[in-house]
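# Geometric and topological summary
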Amino acid sequence: MVPTLFGRIQTRLFLLATVGVVVTLLIVPVLPGSSGALGARYANALLVLLAVAVLGIVWELIYHFLMQFRWEKDWPTLFGLLTLVPEGLLLYFLLRSGAVDFIDPVPPAAFWTHFTVVWVCMWLVANGPMRVPFIRWRFRGGRVL
Amino acid sequence: MAPPNTPAPAGDLTPELLGAPEWTDQMVAAAGIPMYDIPFLTVGGGMGSFVTLDYLRVYGVPTSQMRVISNIDTPWQTYEFLTRCSQIPRSERIRSDSASRPDNLWGFPSYALQETWKDKTPAYLWQLLTEPLLNDYWTPRAGTVFESIEREAKRISYWDMLVKGQVRMVRRRVGGGYFTVVTPPEGSGPTKRVIFRSRFVHLAVGYPGLKFLPDLQEFRTKHNDYQHVVNAYEPHEQVYEFLKTRPGTVVIRGGGIVASRVLQRLFDDREKYGLKTQIVHIFRTFVAGSHGPHIWARRKGGNGWAYQGFNYPKSVWGGQLKAEMRKLEGAERAAKYKEMGGTNTPYRRRWQEQMRAGRSGGYYHAVQGTVDRVERAPDGRLVSYVRSNDGIVREPVADYIIDCTGLEADISEHRIFADLLQYGGAFRNPLGRLEVERHFEVKGTASGDGVLYASGSATLGGYFPGVDTFLGLQIAAQEIADDLARRGFVRKMGPLRSTSQWFKWAFNTPV
Ligand SMILES: Cc1cc2nc3c(=O)[nH]c(=O)nc-3n(C[C@H](O)[C@H](O)[C@H](O)COP(=O)(O)OP(=O)(O)OC[C@H]3O[C@@H](n4cnc5c(N)ncnc54)[C@H](O)[C@@H]3O)c2cc1C
């Protein structure tokens, strides 16, 4: 899928709300180094997803701008995977610094495992299986609606 | 003595029919032409017809509601002929990407996954992951494409819908719908023509015809020599065979992917058989480097070529450029086409290597120039008179000239389009081809509750530029299927039904 600006944002929100939530529900109980009541850990992990969504809108604006320098106005598959590095780092430092105070600090191992697994799953789904139920999605720049 | 007014043999077109833009059922009956009813008819039977029928079968239309009229037996026949001539046998890789799958409207699993599984070669996945940054685009083998279409054609009972014949024209019917006049294969029926009466007709007849470069055409006609001046889209093995028997020089014209393919063949043969072939490559537009009006619209290029993975920038099939073009009309649309158009070829590492070796070895010479004329030298070889922009005149002498420009003829060269433009209400788009709606209805041709659709190269210049590609034909097919669903001809396709249909595809269960 080659995204448009609205398509990028919609795809991100949609995949976070579906794949992201499902993967989170499955993975939180086995995340390394985390402690506390399971309910609280779930709540916290879902808030992390929310932060990825909100910050993501800003990230998508940046990606869209960068894409303009590409003649084909495309977004290679690898970019979709590698952007996990800057996005992960920014969120990690924001959480560490306490700038996002409604999310409890997460142990590094738990954060990175959760973040990476969710990201890779979303990326895999966006690169194929997403087209199975949504046959118009790839021709509309990633718009779901 | 024959009577002065010999009546037309029964079952043929009458002057009355030929002259009338709209026909009634009575007019057709009076002409004695057998008539068959079929709600949906697609004309062509190539890739465009196939993907459209595939969509409609998956959407739920039974075979009894649809027919495809064609002069070929398999949907890939014409495509395979053209690719084979232009040096892509089944074992070579085509241009379009992994997810452009005419046999699978979801594009998943992509060809790369399929070939990885079949060849047990994970390297394909690495290439897919790193394209086009660290690697060339991964593209499927021609053979993979044909085999998978064959499987899908069987699954959707394609051959139950195929009717062999040549379509002569499509005329509007008084009261709605269309009459499609077909000339069946000789001897297959009692009459010269048969007619199909349908509510919906789809035209996917491919290229209206090939056009040769004028100076080459002139040479061919004047000297009646079709052996030494050839078009890359016609069989021209004799060129490569000759070069195996003695050293020779070949002039190549054109800067598109077909030129790249022909060059590769010449370089490969040079290597494989230790040949001494000399190559002179004439570019009318010589691209020396990155080009384009501003930093947001600059395409890579060099050594004569403009580089681009596919025939249009990748986002025309679904991203930003598709969305932008969809809104443009008239002159603005034409300008956008101009901005992103132009002949181009993919940057492939193997081709770059071969050309580099050719330049340094002194056997590959690329020049800018316009050819004024081609003449025969006293020894029978071919002299091209080439004038370059800086005024230099070159006169390369060659044994063969291969025209790789692949110019397409005007749409009016095709009888169906000529007839539609004259009688059917169709008109031309800003690029001179057939103007279609966003859902690929041919503008101006509506007939009651009937609709005439068209897809493929004849519709280039419309709201969607990628028409002449597998994925473009599928995009058109989806628009058409959705339009037919809006008109109540077939059920809408939602996420659940799509998923269940995908499983049927995966398990090769008939639709
Ligand atoms: C050399 C080459 C390589 C290409 N490579 C790629 C690629 O890698 N990827 C990609 O996506 N696209 C590629 N294309 C472009 C395009 O996808 C193919 O050409 C494709 O076959 C077009 O499908 P079509 O249905 O429009 O035409 P065709 O497949 O040519 O089918 C049209 C058929 O209609 C028949 N017909 C015409 N008039 C009548 C009539 N009056 N009555 C009955 N039948 C009629 C013709 O005989 C023809 O068989 C390539 C094109 C060429 C020429």
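Bear in mind the structure is a predicted one, so any value in this text is a computation, not a measurement.

### Overview of the sheet that holds strand E4 (residues 66–70) of chain B
Residue and element names in this part refer to chain B. The strand order E5-E4-E3-E9-E23 describes an open sheet built from five strands, whose pairing is parallel. The sheet is open, and its two borders are formed by strand E5 (162–164) and strand E23 (451–454), each paired with just one other strand. Mean inter-strand twist for the sheet, computed between neighbouring axes without regard to direction, equals 20 degrees. Across the sheet, helix H3 (residues 47–59) lies against strand E3 (40–44), E4 and strand E9 (200–203), angled at about 155 degrees from E3, the strand it touches most.

### Structural notes on the site of the ligand
Residues and elements named next belong to chain B. Among the 29 residues in the neighbourhood of the ligand, the closest are listed as Gly48, Asn71, Thr78, Ser96 and Phe470. Take Tyr79: an N or O atom from its side chain is 3.2 Å from a nitrogen atom of the ligand. Note that a nitrogen atom of the ligand is positioned 2.9 Å from one of the side-chain N or O atoms of His414. Burial of the ligand by the protein chains amounts to 91% of its free accessible area of 960 Å². Listed by contribution, the elements that provide at least two residues to the shell around the ligand are H3, helix H4 (77–85), strand E6 (166–173) and helix H16 (470–486). Element by element, the count of residues in the shell around the ligand is highest for H4, at four residues.

### Points about the packing of aromatic side chains
To describe a pair of aromatic rings, you give the distance between the ring centres and the angle between the ring planes. In the structure shown here, the tally under the stated rule is 37 aromatic pairs over all chains. Pairing Phe14 of chain A with Phe134 of chain A gives two aromatic rings, centres 5.4 Å apart and planes at 90 degrees, and the pair type is edge-to-face. Taken together, the positions of Phe14 of chain A in helix H1 (residues 5–27) and Phe134 of chain A in the segment after helix H5 (108–126) put the pair 120 residues apart, joining distant regions of the chain. Under the relative-accessibility criterion, Phe14 of chain A is labelled partly exposed at 24%. The partly exposed category is assigned to Phe134 of chain A, whose relative accessible area is 23%. Three or more aromatic residues link up through ring pairs in this structure, and these residues are Tyr92, Phe93, Phe111, Trp112, Phe115 and Trp119 of chain A. Cation over ring: Arg333 of chain B sits above Tyr463 of chain B, and NZ or CZ is 4.3 Å from the ring centre.

### Regarding the packing of helix H4 (residues 84–97) of chain A against H5 of chain A
When two helices pack together, their arrangement is given by the angle between the helix axes and by the axis-to-axis distance. Residue and element names in this part refer to chain A. Running from N to C, H4 and H5 point in directions that differ by 145 degrees, and their axes come no closer than 11 Å. Crossing of H4 against H5: the hand is right-handed. Judged by residue contacts, Leu84, Glu87, Gly88, Leu89, Leu91, Tyr92, Leu95 and Arg96 of H4 engage Pro108, Phe111, Trp112, Phe115, Thr116 and Trp119 from H5. Across the contact of H4 with H5, the residue classes break down as 10 nonpolar, two polar and two charged.

### A few points about the nonpolar core
Counting 92 residues, the largest nonpolar core has Phe40, Tyr158, Leu203, Trp317, Leu452 and Leu484 of chain B as the members making the most contacts within it. Excluding its chain neighbours within four sequence positions, the residues that come into contact with Leu203 of chain B are Val43, Val170, Ile416, Phe417, Leu420, Leu452, Tyr453, Ala454 and Ser455 of chain B.

### Digging into H5 of chain A
An α-helical segment advances 3.6 residues per turn. Residues three or four places apart therefore align on the same side. The first and last C-alpha atoms of H5 of chain A sit 27 Å apart over 19 residues, in line with the 27 Å expected at 1.5 Å per residue. Taken residue by residue, H5 of chain A has Ala110, Phe111, His114, Phe115, Val118, Trp119, Met122, Trp123 and Ala126 of chain A as its buried positions. Structurally, H5 of chain A contributes buried residues whose contacts are with H1, helix H2 (38–67), helix H3 (77–82) and H4 of chain A together with helix H6 (123–130) of chain B.

### Re the pairing of strand E8 (residues 194–198) of chain B
Residues and elements named next belong to chain B. The element E8 is largely enclosed, with a buried count of four among its five residues. Two elements, strand E7 (residues 178–183) and E8, share five bridges in a ladder whose sense is antiparallel. Its bridge partner being in E8, Val182 is matched across the sheet by Val194.

### Let's talk about the interface of chain A and chain B
Contact with chain A, which involves 31 residues of that partner, is made by 44 residues of chain B. The contact between chain A and chain B buries some 3,100 Å² in all, and 60% of this surface belongs to carbon and sulfur atoms. Among the residues of chain A in contact with chain B, Trp71, Glu72 and Phe139 of chain A are the three that bury the most area, contributing 28% of the side total. Seen at the junction of chain A and chain B, the total is one salt bridge. Arg136 of chain A is the salt-bridge partner of Asp482 of chain B, the closest N and O atoms lying 2.7 Å from each other. Taken together, chain A and chain B are joined by 18 residue pairs in polar contact (both at pLDDT 80 or more). Counting only elements with at least two residues in the side of chain A that touches chain B, the list comes to H2 and H3 of chain A. The biggest single contributor to the side of chain A that touches chain B is H3 of chain A, with four residues.

Reading the values: the criteria
- Residues numbered from 1 in each chain as written.
- Chains lettered and ligands numbered in written order.
- Predicted model: local features only at pLDDT ≥ 70, side-chain atom pairs only at ≥ 80, totals over all residues.
- Heavy atoms only, no water.
- Pairing = 2+ DSSP bridges.
- Helix = DSSP H or I, 4+ residues; strand = E, 2+ residues; numbered from the N terminus.
- Axes fitted to C-alpha atoms, helices over the stretch in contact; angles between N-to-C directions.
- Contact = heavy atoms within 4.5 Å.
- Near = heavy atom within 4 Å.
- Polar contact = N/O pair within 3.5 Å; in protein donor to acceptor, adjacent residues only side chain to side chain.
- Areas by Shrake-Rupley, 256 points an atom, 1.4 Å probe, with all protein chains shown as cover.
- Phe/Tyr/Trp six-rings, centres within 6.5 Å; stacked < 30°, edge-to-face > 60°.
- Buried < 20%, exposed > 50% of the residue type's maximum accessible area, 1.4 Å probe, protein only.
- Lys NZ or Arg CZ within 6 Å of the ring centre and 35° of its normal.
- Left-handed = near helix turned anticlockwise from the far one by under 90°.
- Nonpolar A, V, L, I, M, F, W, Y, C, P; charged D, E, K, R; others polar.
- Core = buried A, V, L, I, M, F, W, Y, C linked by side-chain atoms within 4.5 Å.
- Expected span 1.5 Å × (residues − 1).
- Buried area = accessible area lost by both parts, 1.4 Å probe.
- Salt bridge = Lys/Arg side-chain N within 4 Å of Asp/Glu carboxyl O.

Everything listed here is a matter of geometry and, on its own, says nothing about what the molecule does.
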